[in-house]
Amino acid sequence: MNLIFQTLVASLAICSTYAAFGQGQEIDYLANYNAIESATYSVIKHSPESLPLDLLSVCSNVNNNNPPPTPSGDNVIIVQADDTTNILTSAQVSAQCSTNSICIIPIGIIFQVDANINLGALVVRGIVEWNDVTQNGNSSKQFLCAGYVAVEGQGKWEMDLKYGEGYIYIKDNGYVHHHLRSRAFGSYAALASDYPIIDINGRELTRTWSILANKVQPGDDQIALMHDAKLMGWRVGDRIGISPTESRASGLGEEFTITAIDTKGIITLSQSVQYQHDASFLPPQSSHQQSPALMSAEVVNLSRNIVITGDDYRHVSCDDSLKESVSGEETSTEGCKCASFRNTCTIGLHTAVMHGGTAKIQNTRIERCGQRGIEGKYCLHFHKLHDCPTCLFKNNAIEGSHQRGIIVHGTHSSTVENNVLYNVRGAGIYIEDGNEMYNDIKYNVVLCPNKFGDTTLHGCTVPGTSNRLADTSDNQSGIFSRAVTNSLTGNRVANAFNGMFFSAIGRGRGSSANKVCESDAKLARVEGNTWHGNGRFGTYTLGSNYAKETDQSILNDGHNVDQSLCGGFDGEGYERGAPGSMVDNLDYDNAFVGHYGAGDIQHNGHHSYKNLNLIYWKTTKNFGNGCSGHLVGGSYADGNIALPDQATFIIEDTTFGDGAQFEANHHCNVGITGVLCFPQYVLHNVQWKNSVPRWMWFQSGNHQGHNANQNHGGVFTLSPPNAQVVMGGGLLENNFFPPGFVSLVSHKFTYLLSLPGEPCILSTAYGDRYNRGILCTVPLRSLKVYSQGLESGSAPAMRVEMWFNRAESSGAADSNQIVPFHQIGNDRQTTKQGYSLPVIPGAEHSYRLSLLDGHGEIPSTWVVEFSDHVIGNRWSIEYTNLSLNGFQCGSAGLVSSHHDRRFIWSGDKDFMDAQAWGNTGACAIGQPLDFPQIDCSSINDGILRAAECPELCSTRCNDATTYCDCGSATCKLKPGFTETSNLCAAARCGEHGTCSAKYLGGALPVTLNACICDEGWSGPLCQFNPCETQNELCGGHGACVASSDTESRCNCDLGYSGASCETTCDGFCTGNGGVYPYNCNPNVGESIVRYGCLSGGGCKYLSEGEEYPHGGYCTFREVVQESNTCLCGSENDCELTVACNTDGSCPSPQYLPDSSPCNSVPFGTCAGGACIEDGGTVAPVSRPTRSPSPQPTTAAPVPAPSILPTPKPASPVSRAPTTSSPTGKPISTSSIRVAEWANPNDPSAPVGTYFDFEEEEWEAIFGPLCQFDPCQSQNVACGEHGTCEAVSETEAKCKCDHDYSGDSCETTCSDYCSGGGGSYPYGCNPNLGATVVKYGCLPGGGCNYLSEGSSYPHGGFCTFKEVVHEWDCLESGSIFKVDLWRGGEVIWTCDVKVWPTSGGISAYGHAASTVAAFQDGDKITPWTAETPFV
């Protein structure tokens, strides 16, 4: 357990003590209640002017104008219609009912709400109709008031308002429904045959939320969103909230009213922004990652034209006589029950759909909701509806609740979609009993606008509810669920204490108690969610989440009928894991990310940045399929990676950036966590791009009450194929290990340092990078011995002897070591005990183990594990020779990594079944058969997709757009697709861009930042590469990034600085031995932009605008402040972003060619410099002035426009001496002649060095010269519609103008193809990238695009565009900078000018020193071309 974790635990404890409400802090809550309510917006309190006339005077319970029921009992009125009609109006209902009666709409009666109405309570058994037709004749705003509204039996509430405003006002008048209770709006099915229906639909918003397209700074009064505000349906006067973007629940949200929306969808706010709200975007960082990281503030629309609201909250005293609803929770559905932590309840309105029927509540605002301390009273609530695929909460806004937001309880297959929850206390979305299955929770946003540490508002916590974990300082969560078999897709939670919390630690709750194996449930789809700025966890699973193949299903109401299937092993001892995957999720600015005990969970495509713990995982297991890795295709940076015990933990195709640090055996031997603290961490195709000094650590502290603590174990190793490359003398790019090394363990395993040939060394040569561990040039694997019946104070140590490169353990061992005993927990508290060590695999090695007690014998019942069968399944089976007490394990001493492992480990609950002792493992006397080898290639090498069940669908789903849903056994759309559109296809990103819309939900394409560009690329479709165009290489010591569509800059490696990373302080600054960071702090804080060191020692850190106090400083790190970059032209995709002039003004605009794709409007194309809807007309554009933008543009590719940035002139670069190996070609001295000679083209030039090259030698080093003209020699004629281009030394082709093709550009498709009005590009896309070489259209409409070598599927196509790939050659007179390498060093550099000569190439160069003759083995490397390839 590392220092980060220990420090954080302490800080959270302090925070919990002095800020967020704990379960027992009701007194503090009540003391701060008025301040909390003052900071919580409601339409009723804060915008009374917007309400219907007389609503407050008629409905509000102020001055007792809504009397309670009479003492003699309820006044129940069943309304009646006359014989002529079954339709009643508001006036007719009011005439029969009053404010002190319960008004019942019976079966057969239709109540049309056509005017304001105020009732004591309303029961609907017939039909209520409330729509624009019923309301239109009287008022654009209308209300209905009642103490409760209950839809019963076969009743229907049908409310559909697209234009008018409707208010359902729930009064605090004392009326109580027998099941919904007081202040309720909802439905109740008393009988199995009852089917009440609620259908509410307000004016539909195309989107209820978006995210910032650009960072917002204090003082700004406008914001740009990634979706056009007009197209989302947002209006002037709407209320919006912006999420905090600070880390760890320390931020504040802000609310505004929209005062204007301009033609580009930019929003003007009612007041200036007070706090910074960030927006940054990161493209995929690994080959498997498919989605970008959208690290941007959410903006939610909180206004709706249907509002469910009511009277103020009221505090009521508790009643100890009320029946407890769930044993031990101390709450009651009947009212406010006294509890050990509660004397008072806080009562607002609530809604509920109970026990049957269905409900669709859409585009509605719910406020003043939740009844703190009363069971089952929430803002939106599906209650025990069983399988309800028609149940829907969509596009709603919940603001201000004192007991949670949306609850799914005892219900399956419902949909909770695109809802926004703001300032909701307790859990935002809550799944209650643990039996709920296949509910689809997607694209919701939960925002807490308060700091967790605020001593008044206390974050979004609330005391006194039935679940302290979900609602209080313990673990208040944006999304909380006891059931993991529910889908979470595209949700976003910010500034809560936990983002999402799977608390699967029980056996079911309430009526499902002891009927559900919560921790054994399968993972459903958890895909594309974003959890940021949360105080504790982003992604969080608590307890022992080890999914199994069980009989839990919707048909069983989510219960486990045969609970023996929840066991970890089948009858034969094979573990029963059910693999699942969390796909493309994003965690940032949280404290933790991950799990306690969890297995068969793969993080696929995970983005995790700036979390204190990028991954936090205590224990795990191998996957049930025998193949899968735990971290696949992800990217992690700036935080600790706390890795678990007890598995072969495979990390593959994953990128680790700056600030990432591995922690081995996280939490092992803390309490009773872990087993033997010796996992294997296998790195396969991992990219380690980390320049901080410390890369990992092993455990060293003791958290037990005894000294039998060996938690320093764990092996880090390259995968077998990666290790083979290194051991064969090769290099892996961005390798975690130093060159030549393939594995790492703690420094305590000293026997490795005494082996012949020194295959292992201490890592002290690399400072503390590897925690002073042992690095080996050979692989290492774990060897574990599980013991029985020992105790910490008396257990003997174990002797290990090794014969290196000797298969037989005879003669003196080459090395040996004493390994101490290890025990989890106190004596006899657990069975987790034994010994572990790293071993070198290979049949050529031999190990012998014995105990240091009287006889030294290891009992035959103990279980031994060598390596892991996952290694053999994924790559190849491994072996070693092993003996215990002279007994040879395996086959004549040869042990396989595939040896029997039955009954050993399947997760926390199932460690070492009694049947394991003496019967399994590498050294079992009965020598059970090895496990069969699994062909992992048959299951995609274990790479898992989000949960799907293709075997259940009767017809095969389209894999590209749909998946087979495991709950409904039907094909459902994948993220990014709607019934009518493909949001990513709409973006039309080039090959260096990634669509941003995939996990944002809805059907509206993104209009700003639709494509997130790879590093170095820019443009709305990521079609520009200014780095390449400007030939910016950053000196080989940095990465070039696009700062605009035309400009680039260098992000230098740590230790380098300068515009082209040309400066290094190595050898100049003497601190730290003259190497980075020179005894300086390289990470002082965000305000520091330059880090400098002095030659004699000393450091200086400069903020923006500061200078060094005197000369002599060398800058070893520079931070580019992107927010200060001045850009022009960023608001219109058809105008290139360019850097501002030096005076801050904008240069003349540059526009993309007409018909270029653009996203400023959905499916747009450029016309006249503006982005218009495809097929639309160009509106006149007036651009008298252009205002600079302070925001940077992130960018990315497709077809290059006609306006391209010009190459940046080369300038001399100061480079530090290097010992890197050159990439040039060795010179053959027989093919090059060298002489001292004057420049033949300029006799006045100084004498330099003259070379003659044979042509093939020249081309191998530099490339061919353009000394041939095949256009002339082949007499190629291209008519009036094309030009001739050389495609090789001897071939030429016509490069035709757009709309022409053929050998001589003689063919046009005009008047043949009818698409696009019969004119180019005929309704087709003329720019699909470099792979398409031929574009065709059909006369009746339709297009086809051909790659090299492919043909049209049939006749009738006309080719309107043909791509000619020109010949890359160098013009005579091209100038290079050239390095001459000899013996691994650059000994000579000069400018070289070249020209053709008879039979070869001549080159002339001049430098300070010349070379009289080349030597065999010299290499020439060109590294700057001032004249580019033409």
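Residues numbered from 1 in each chain as written. Predicted model: local features only at pLDDT ≥ 70, side-chain atom pairs only at ≥ 80, totals over all residues. Heavy atoms only, no water.

Topic: the confidence of the model for the chain
Applicable threshold: Looking at any residue, its pLDDT shows the predictor's confidence there, from 0 to 100. By the convention used here, residues are in contact when the closest approach between their heavy atoms is within 4.5 Å.
Looking at the chain as a whole, its pLDDT mean stands at 87, while 86% of the residues score no less than 70. Note that residues 1176–1225 has pLDDT below 50 and, in this model, 136 contacts with residues that lie over four places away or in other chains. Of the regions scoring below 50 in pLDDT, residues 1228–1238 engages in 37 contacts with residues more than four places distant in sequence or in other chains.

Overview of the state of the cysteines
For clarity, the cut-off: Defined by distance alone, a disulfide is two cysteine sulfur atoms within 2.5 Å. Elements are defined by DSSP. Helices are runs of H or I of four residues or more, strands are runs of E of two residues or more, and each kind is numbered from the N terminus.
Under the criterion given, the structure shown has 32 disulfides. A sulfur-sulfur distance of 2.1 Å marks the disulfide that ties C989 to C1011. Handedness here is read from the sign of the S-S torsion; for C989 and C1011, about -95°, the answer is left-handed. Of this pair, C989 sits in the loop between α11 (983–987) and β78 (993–995) while C1011 sits in strand β79 (residues 1011–1013); the two residues are 22 residues apart in sequence, bridging distant segments of the chain.

What about the pattern of salt bridges?
To keep it simple, the criterion reads: By salt bridge we mean one thing: a side-chain nitrogen of Lys or Arg within 4 Å of a carboxyl oxygen of Asp or Glu. Here the term buried applies to any residue with accessible area under 20% of the maximum for its type, exposed to any over 50%, and partly exposed to those in between, with areas from a 1.4 Å probe on protein chains only.
One pass over the structure, following the stated rule, counts 41 salt bridges. A salt bridge links K337 to D320; the shortest N-O distance between them is 4.0 Å. One end of the pair, K337, is in the loop between β25 (314–317) and β26 (344–347); the other, D320, is in the loop between β25 and β26, and 17 residues separate them in sequence. We classify D320 as exposed; its relative accessible area is 55%. Here K522 and E549 are joined by a salt bridge, their closest N and O atoms 2.9 Å apart. Of the two residues, K522 sits in the loop between β43 (498–502) and β44 (526–527) while E549 sits in the loop between β46 (537–546) and β47 (580–583), which places them 27 residues apart along the sequence. Looking at K522, the relative accessible area reads 34%, which means it is partly exposed. Bridged by salt links that share partners, the residues R239, E255, R365, E367 and E399 form one connected network.

What to know about the sheet that holds strand β101 (residues 1358–1362)
Just so we agree on the cut-off: Note on pairing: DSSP must find at least two bridges between two strands before they are called paired. To get an axis, fit a line to the C-alpha atoms, keeping to the stretch in contact for a helix; angles then go from 0 to 180 degrees between the N-to-C directions.
The strand order across the open sheet formed by three strands is β100-β99-β101, and the pairing between neighbours is antiparallel. Edge positions in the sheet fall to β100 (1343–1347) and β101, since each has one partner strand and no second. This sheet shows a mean twist of 25° between the axes of neighbouring strands, independent of strand direction.

Some remarks on the nonpolar core
What counts, and what does not: The criterion is simple. A nonpolar core is a set of buried Ala, Val, Leu, Ile, Met, Phe, Trp, Tyr and Cys residues joined through side-chain atoms within 4.5 Å.
One finds V93, L144, W157, F662, F716 and F736 to be the most contacted residues of the largest nonpolar core, which totals 100 residues. With 51 residues, the next largest nonpolar core counts W234, L269, A279 and A987 among its residues.

Section: the environment of K264
Relative to the helices and strands, K264 resides in the loop between β19 (254–261) and β20 (267–269). When the C-alpha positions of K264 and L1008 are compared, they lie 10.0 Å apart, and in sequence the two are 744 residues distant.

Considering the pairing of strand β62 (residues 715–718)
Neither face of β62 is exposed, since V715 and T717 on one face and F716 and L718 on the opposite face are all buried. Strand direction decides the pairing type here: strand β59 (residues 680–684) and β62, joined by four bridges, are parallel. Counted as the bridge partner of Q680 is V715 from β62. Sheet topology note: the β62/strand β63 (residues 743–745) ladder contains two bridges and is antiparallel. Each bridged residue has a counterpart across the sheet, and for F716 the counterpart in β63 is L744.

Digging into the sheet that holds β25
Taken together, the three strands give an open sheet; going across it, the order is β25-β26-β30, and neighbouring strands pair in antiparallel fashion. Bordering the open sheet on either side are β25 and β30 (371–372), each of which pairs with just one other strand. Note that β26 and β30 share two bridges and pair antiparallel. Among the inter-strand pairings, I347 is bridged to a residue of β30, identified as Q371.

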